[in-house]
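So you can see what is in the structure, the chains are spelled out below.
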Amino acid sequence: MTENVDIEIRGMSCASCVGRVERALGQQPGVINAQVNLATQKATIQMEGGSTTASLLDAIETAGYQPVVESLEIPVTGMSCGSCVSRIERALGKLPGMVEVSVNLATQKAFVRFLPGTVSLARIQHAIREAGYEPQETESQQQADDEDREGRQLLHRVMLAAVLTIPVVIIAMGKVIPAFDALLASMMPHRGWMGVEWLLTTPVQFYAGARFYRGGYAELRHLNPGMNSLVMIGSSAAYFYSVAALLVPGFFPAGTAVSYFEAAAVIVTLILLGRYFEHIAKGRTSEAIKKLLQLQAKTARVIRDGEAVEVPIEAVVPGDRILARPGERIPVDGIVEEGHSFVDESMISGEPVPVAKQQDAEVVGGTINKNGALTFRATRVGADTVLSQIVKMVEAAQAEKPPIQQLADKIAGVFVPAVIVIALITFGVWFAFGPAPALSFAFVTTVSVLLIACPCAMGLATPTAIMVSTGKGAEIGVLFRKGAALETLAKMDTVVLDKTGTLTQGRPELTDFEVIEGHENEVLRLVAAVEAQSEHPIAEAIVRGARARGLELPTVSHFSAEPGYGIEADVAGHRLHVGADRYMNRLGIGLGKAEERAKALAEDAKSPLYAAVDGRLAAVIAVADPLKEGSVEAISALKAQGLEVAMLTGDNRGTADAIARQVGIQRVLAEVLPDQKADEIKRLQAEGGKVAFVGDGINDAPALAQADVGIAIGTGTDIAIEAGDVVLMRGDLRGIVNAVALSKRTHRTIIGNFVWAYGYNVALIPVAAGVLYPFIGVLLSPMLAAAAMSVSSVFVLTNSLRLRRFTPDIDDASPVTSGEPQTGQVHQA
C-alpha cells in the first residue's frame, strides 16, 4: 500500500538544492518517488513501507535543509504507570504525519511533533481520549490550576477514606482479639458488624476510589490493563467477596464466608495516600521550571508618545523603547540606548556581582536593574528571549527519554498483563492444592499479587530523576538540551576540547610589553597610536591594552603598512616601525638580547613583535589568546574523574603544544581544518572511545554533532542552543566537570531506582503468591501488599529528589567585568 507525504522545507534557493533533496529522499528505503517544488518549498514523497516520516526528515536535514515540523505539549490526566505511557504513545503514533511522540509520566504531559496540516490539536486530543485518558488545556496557568485542584481533590478523598477506614479496621481487629471480639458480640451479632463494615466501606470503594474505576475501565476496554486495572480488580474482589459472604453465606464452603471489607477499604486508602505523596513529590521535581518562570516580568514600561505606559508583557513587540527603573526586573531582551546602571545577571552568569550597563550594552529579560534608570530597545520578546529559550530547553530535556527509559517503557507495556496471568495461576494453584479453606487462601494470595505488582515505580524511575537533574543543571549553569545526554555523558571516557574560544578567551590580548629604551607608558602610547590605524586583531589587542591604562593616543601621519612585515608612521614627532623580526632585520635595526626574549615568548604560545622609535629598538611586544580562567583547574578535575582529555585545533603544532603544556594536556590534534574536525572525532570513536566534544557551538557544529555528546560553550546572552546536546551558559570549562559529575550522579540514581523497582517486584510477587507459606507459614496480607506498592513509588520519587542536593564539584562562576576582558601583565624589562 502506497502513501503520499508532503513535507515543507526551508533553505532551498535553486535547482541544485531541489536535486540534492530529491536524491537524499530517493535513497531512503521504500521511497518510490520524491518530487521537490522550489516555488512551494515542498517535497511530495510517494512511498511504500520501509521508511518512517522521521527518517525522511533526517534525510532532508542531512542534505543541509530544514524540514518544517510543528510541536505541541499537552497535559494529560489519568496516567498512573508505564503501561499508560505506552498506550498513549501507541495511540498518537498511529496518527498521520506524526514524527515523534513522547509521553512523560512524571510531568503528566504528552509531547508530539508532526508535519503541518496533517493532524489537528482536536484530533490529537480525541486520540488521547480514545486511549482512555483526558487531555487538558495547554496553557501553563490552566495546568497549574489543574494541578492544584488535583492535589486538593486527592487530599479530600484521602481524608474521607481514612476517617471511614479506621473504624472498619478497628471492627476487623475484634475478630482476632478475643476480649474485643466478646465486647463486639455483646453489642451486636457478627453479621450486624459486617453490615456496618459494608456501610462504611462502600463510599471508600466507589467515591474515594472512583478514579481507579474510571481508569481501570478505560484500560480494560482497550485491552491494555495497567495500574488502575490492578487496583480496581484487587479491591473490587475483596469488596464483592465480602458482600456475597454477608448476603448469601450459604453459597460458600464452610469457614470461607468471611469479610474482607477492611482489606478493600485499606487498599483504596493507602493507594490514594501514595498518590497524594506522589503528587507532592512530582510538584517538587518541576520546581526548577517554576523558578525560571517566576523570573519573567508580567508588565513592561513602554515609551509611547514620550510617556512611559505600563503594558502587559505580551503586548511588547521588537523595536519598542522600554524604561527600566531601579529595582525593577528587565522585562525582555534589548540594547541600551540611554542611561547607566548596574544589572544583577546572576540568573545567567551565576556571579552575584552586578554588571555595568550603558549605551549599546545588551540586557537580558528576567535580570534585575539595580541602581539607575535604563532606556533600551526591545530586540527579543516572548518565546525568543534568552530566558524563554532556557525554559524551553529544560522542558525539552525533561520530556525526552534516554535509552534506559525506552527499554523500561517496553517492559512496562507487557508487565501488567503478565501480572494478571500470574494472579490467575496463583488462584488456580491455591484453589486446587491449598489447605482448607482453599477458597480463602486462593482469594487472599490472588489479591495480594494484583496489588503488590505496581508498575508505577518503573514508570517514574527515569523521568523524575531527569526532571530534577536537568532543573539542577539549569541552576548551576549547565543546560541539557536532551535528556539522553545525561545518560550518555556519564559513560564518556574521552573529552576533546577545541582551543580557540573554549580553552582560550577567543581573542588576542596584550600580554607582555617589555621596554628596551624609553619610558614604558610613552612608548606604549606611540605604538598603540600607530596600531590604531590597523584592523588586524593583534593591533586591536595592543590598542585595548593602552586604553586599559587610560593612555590618550596622539595623532598619526604618513601611515603605511607592508603585509607580512609591519607598519610605519609618524607620531608626535617620532618615526615608528612596528613589526616582526624580519621587518627589523630589513630596516637594519639590531635585536640583540631581545631576540632571545622573543623566542621564549613564542614558546609560550605568544606572538612576539618589535617596536622601533627613530630607528632604535624600543620594545618587545607579545600578544596572545590567553587561557580562560579555570581551564587548568577544569582539565585537572576531568583527569581526576578518569577521563582522557585531548585538544583539537587548527593552529600550528608549536602553538598548540605550547597551550597544551600550560593546561596539562598530553594528546594534541593540531593543524586540523574546520571541515576535518568531525572526521577526527569519528576516528577517536573508531578506536572504541565514547567521545564528548567541547566547542563554541557555531564553527564546531559538525564535530559537536558527530560526538557522542556535544557540549557547546555559551556566554549567557549568546548561547548556541542548537549546536550541542549540552550548553555551558557561563562559558567556563569548569562547567564540564560539574556536568559530568551531575550526569554520573543522575545515572547512579536512575540505576538505583530501577534496581529498587524491578527488584521489589521480582522479590515480592512470589511472596504475595504465597511461596513462603509451605516453609514458614507466612502469607502476605492484601493490606500490606497495598502499602508496599505505595511505598515503592514514593521511594523512587524521594530518591530522585535527593538530586536537588547536588553541589558542584568546583566553582565555575566566572568574574564579571564591565565589558572588556582583563588584559595580561604589562611590565618593563
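The model shown is predicted, which means the values in this text are computed figures rather than measured ones.

1. Remarks on the overall build of the protein chain
Within the protein chain, the secondary structure is distributed over 30 helices and 30 strands. Burial analysis of the protein chain (829 residues in total) assigns 52% to the buried set. Across the protein chain, the fraction of contacts at a sequence separation of at least 24, relative to all contacts at a separation of at least 6, is 70%. Counting only carbon and sulfur atoms, one obtains 56% of the accessible surface of the protein chain, whose full area is about 35,800 Å².

2. Notes on unusual backbone geometry
Between A436 and P437 the backbone carries a cis peptide bond, its omega angle lying at -10°. At H558, a residue that is not glycine, the phi angle is positive and equals roughly 55°. The residue H558 is located in strand 21 (residues 556–562) in this model. Overall, the relative accessible area of 61% leaves H558 in the exposed class. The phi angle at A572 is positive, at roughly 50°, despite the residue not being glycine. Residue placement: A572 occurs in the loop between strand 22 (566–571) and strand 23 (574–579). Owing to a relative accessible area of 47%, A572 belongs among the partly exposed residues under this scheme.

3. Some thoughts on the sheet that holds strand 26 (residues 644–648)
Pairing is mixed in the open sheet, where 7 strands are placed in the order 18-30-29-28-19-26-27. Two strands in the sheet have a free side with no partner beyond their single neighbour: strand 18 (478–480) and strand 27 (667–669). Neighbour-to-neighbour, the strand axes of the sheet open up by a mean angle of 20°, direction not taken into account. As judged from the 3 bridges shared by strand 26 and strand 27, these two strands associate in the parallel manner. What sits directly across from A646, in strand 27, is R667. Contacts from helix 26 (residues 677–686) reach strand 19 (494–498), strand 26, strand 27 and strand 28 (691–695) within the one sheet, and its direction differs from that of strand 27 by about 140°.

4. Quick notes on the sheet that holds strand 22
Spatially, 6 strands are ordered 20-25-24-23-22-21 in an open sheet, and the strand pairing comes out antiparallel. Across the chains shown, the open sheet's two edge strands, defined by having one partner strand only, are strand 20 (509–515) and strand 21. Neighbouring strand axes in the sheet, compared pairwise and without regard to direction, differ in orientation by 20° on average. Strand contacts of helix 21 (residues 537–548): strand 20, strand 24 (607–613) and strand 25 (616–624), with the helix running at about 70° to strand 20, the strand carrying the most contacts. Sheet strands touched by helix 23 (residues 594–603): strand 20, strand 24 and strand 25. Its angle to strand 24, the strand with the most contacts, is close to 150°.

5. Some details on the packing of aromatic side chains
Between two aromatic rings, the relevant description is the distance of the centres plus the angle of the planes. The final tally for this structure, using the stated rule, is 11 aromatic pairs. Ring centres of Y239 and F261 lie 5.8 Å apart, and the angle between their planes is 70°; on these two criteria the pair is classed as edge-to-face. With a gap of 22 residues between them, Y239 in helix 9 (residues 227–247) and F261 in helix 10 (residues 261–285) connect regions that are remote in the sequence. Relative to F443, the ring of Y241 lies with its centre 4.6 Å away and its plane at 20°, an arrangement referred to as stacked. A residue pair is termed long-range when its members are at least 10 positions apart, and Y241 in helix 9 and F443 in helix 15 (residues 438–452) qualify at 202 residues.

6. A closer look at the nonpolar core
In this structure, F480, L489, L497, I665, I711 and I736 are the most contacted members of the largest nonpolar core, which totals 51 residues. When residues in this core are grouped by element, the largest group, 8 residues, is from helix 28 (residues 734–769). Residues within four places of I736 in sequence aside, it is in contact with L497, L638, V694, I711 and L728. Formed by 44 residues, the second largest nonpolar core is a distinct cluster that contains L164, V168, Y276 and A769.

7. Considering the side chain of T749
Tracing the chain through its elements places T749 in helix 28. Setting aside anything within four residues of it in sequence, one finds T749 in contact with A465, N799, S800 and L803.

8. Looking at the environment of V168
As for its placement among the helices and strands, V168 is situated in helix 5 (residues 140–173). Accessibility expressed as a relative area gives 0% for V168, which makes it buried. Along the chain, V168 and E262 lie 94 residues apart, while their C-alpha atoms are 5.6 Å from each other. In contact with V168, other than residues within four places in its own chain, are E197, L200, T201, F261 and E262.

9. Re the pattern of salt bridges
Going through the model one piece at a time under the given rule, you end up with 29 salt bridges. Ionic pairing is found between K677 and D498, a salt bridge with its closest N-O pair at 3.0 Å. You can see K677 sitting in helix 26 and its partner D498 sitting in strand 19, a full 179 residues away along the chain. Under the relative-accessibility criterion, D498 is labelled buried at 5%. Where R549 meets E520, a salt bridge forms, and the shortest distance between an N and an O atom there is 2.4 Å. You can see R549 sitting in the loop between helix 21 and strand 21 and its partner E520 sitting in helix 20 (residues 520–531), a full 29 residues away along the chain. What makes R549 partly exposed here is its relative accessible area of 32%.

Conventions we followed
Residues numbered from 1 in each chain as written. Predicted model: local features only at pLDDT ≥ 70, side-chain atom pairs only at ≥ 80, totals over all residues. Heavy atoms only, no water. Helix = DSSP H or I, 4+ residues; strand = E, 2+ residues; numbered from the N terminus. Buried < 20%, exposed > 50% of the residue type's maximum accessible area, 1.4 Å probe, protein only. Contact = heavy atoms within 4.5 Å. Areas by Shrake-Rupley, 256 points an atom, 1.4 Å probe, with all protein chains shown as cover. Pairing = 2+ DSSP bridges. Axes fitted to C-alpha atoms, helices over the stretch in contact; angles between N-to-C directions. Phe/Tyr/Trp six-rings, centres within 6.5 Å; stacked < 30°, edge-to-face > 60°. Core = buried A, V, L, I, M, F, W, Y, C linked by side-chain atoms within 4.5 Å. Salt bridge = Lys/Arg side-chain N within 4 Å of Asp/Glu carboxyl O.

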